Amino acid sequence: MIVALLLAAAPRALAQSAPTGDAPAPPAADHPDWTLRIEPAAWYTSLEGDLTMPGAPGSVQDTFGVDSLNLDESQWAPMGTVHVQAGKWRFTGSGFSYSNDVDQTTVTDSGGLGNLTLASGDVVSSSMDFWVLELQGAYRLVHRQLGTMQDGSPRLVFGLEPVVGVRMYSLDMQLDAITGASAGTSTSNDDFFFEPTAAVKLEGEFARQFTIDVQTGFGIGPWGDTESWSWDITVGGAWRPIPNLGIRIGYKHLLMDLKSGSGSDQFELDGSLGGLFVGAEIRF
């Protein structure tokens, strides 16, 4: 019986004492294992909020909902992000473009909108070209490796980054009255806004294949009669079936108040853009 017990225990002892043959993988570096990351994407979004257009001196200007002008229809907008990693530092450029052209729509609000005097039921055409560009710098302040897989690579890597940068807006709008008291009259505005931003980013990488990240921050541009403020949040996730190529999906929301001029010459867009996005992630 003793011999039988020894024979049963032998394989376990051999397994415990036998060398593994492969050296364990080195621990995760304190920064991502890539230098350049490119994220082209399409964002399904719509504009919400209120609009005020500049008019003639002494005129009374009212606030119109963008839905009254039919500028709130959802559409695909191109957007993209480029990250450059240098040790613990990350430098990012990102942006998107949103355009909307409405040949004819029946206005549901009434009042003065720039050079137009509109009543509910009047027909107008409208166009909007809007783009946003951001430049940011981030520092990997926290790096934690949680757990190890069988090959020695990290099971989860958690990171925290403070982020600072600038956000720039370009906005071009035009409205043409087709019917009503202002038929044949148009109003337009072309503006540029610039604001410093501060944000924080949290990121978790699982098994070197899945990534979840959240970034949120604020911006403010108090430049005299041209001012702006904003809050944005982006929640994204990526799956990389191969190390250098992945699929990325997520949600992005930008809340903003852009204002220039004063009195009857004031322009203001107090609104937001939000929606799901889908794209690719390319690493080098």
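Above this text is the structure in question.
Here the structure is a predicted model, which means the values were calculated and not measured.

Participant: In this structure, what is going on with the nonpolar core? I would like to understand it.
Facilitator: It is characteristic of soluble globular proteins that their nonpolar side chains tend to be buried jointly. Residues F96, M128, F130 and M256 are the most contacted members of the largest nonpolar core, which totals 35 residues. Elements that contribute at least two residues to this core include exactly β1 (36–52), β3 (75–86), β4 (89–106), β6 (116–118), β7 (123–139), β9 (154–177), β13 (245–260) and β14 (267–283). Among the elements that make up this core, the one with the highest residue count is β9 (five residues).

Participant: What should I look at first to understand the pattern of salt bridges in this one?
Facilitator: Side chains that differ in charge, positive against negative, can pair when their charged atoms come close. By the definition in use, this model includes 14 salt bridges. Among the salt bridges present, the one from E39 reaches R248, with a minimum N-O distance of 3.6 Å. You can see E39 sitting in strand β1 and its partner R248 sitting in strand β13, a full 209 residues away along the chain. Judged on exposure class, the residue E39 and its partner R248 are both buried.

Participant: Can you help me understand unusual backbone geometry in this one?
Facilitator: Trans is the prevailing form of peptide bonds, just as negative phi is the prevailing case for residues other than glycine. The backbone of N70 shows a phi angle near 65°, a positive value even though the residue is not glycine. Within the secondary structure layout, N70 lies in the loop between β2 (64–65) and β3. A positive phi angle, close to 50°, is found at A207, a residue other than glycine. Of note, A207 is situated in the loop between β10 (186–206) and β11 (210–223). Residue classification places A207 among the partly exposed positions, given a relative accessible area of 30%.

Participant: I would appreciate a short explanation of the side chain of Q136 in the present structure.
Facilitator: Locating Q136 in the fold gives a position in strand β7. Leave out the neighbours within four places in its chain, and Q136 touches R90, F91, T92, V163, V164, G165, T197 and Q215.

Participant: Just to check I follow, could you spell out the pairing of strand β8 (residues 142–148) for this structure?
Facilitator: Taken residue by residue, a regular strand's side chains alternate between the two faces of the sheet. In this structure, β8 lies alongside β9, joined through six bridges in antiparallel fashion. By the bridge assignment for β9, T148 is matched with P154.

Participant: How do you make sense of the packing of aromatic side chains when you look at a structure like this?
Facilitator: Considering all chains together, one arrives at seven aromatic pairs under this definition. Measuring from ring centre to ring centre gives 5.0 Å for Y44 and W76, while their planes differ by 50°; the resulting arrangement is tilted. Of the two residues, Y44 is situated in strand β1 and W76 in strand β3; the sequence distance between them amounts to 32 residues. Judged by its relative accessible area of 39%, Y44 falls in the partly exposed class. Exposure remark for W76: the relative accessible area of 52% places this residue in the exposed category. Between F194 and W223, the aromatic rings sit 6.3 Å apart at their centres with planes inclined by 40°, giving tilted as the arrangement. Placement of the pair is F194 in strand β10 and W223 in strand β11, with a sequence separation of 29 residues.

Rules used throughout
Residues numbered from 1 in each chain as written. Predicted model: local features only at pLDDT ≥ 70, side-chain atom pairs only at ≥ 80, totals over all residues. Heavy atoms only, no water. Core = buried A, V, L, I, M, F, W, Y, C linked by side-chain atoms within 4.5 Å. Buried < 20%, exposed > 50% of the residue type's maximum accessible area, 1.4 Å probe, protein only. Helix = DSSP H or I, 4+ residues; strand = E, 2+ residues; numbered from the N terminus. Salt bridge = Lys/Arg side-chain N within 4 Å of Asp/Glu carboxyl O. Contact = heavy atoms within 4.5 Å. Pairing = 2+ DSSP bridges. Phe/Tyr/Trp six-rings, centres within 6.5 Å; stacked < 30°, edge-to-face > 60°.

Any functional reading would require information that these geometric values do not contain.
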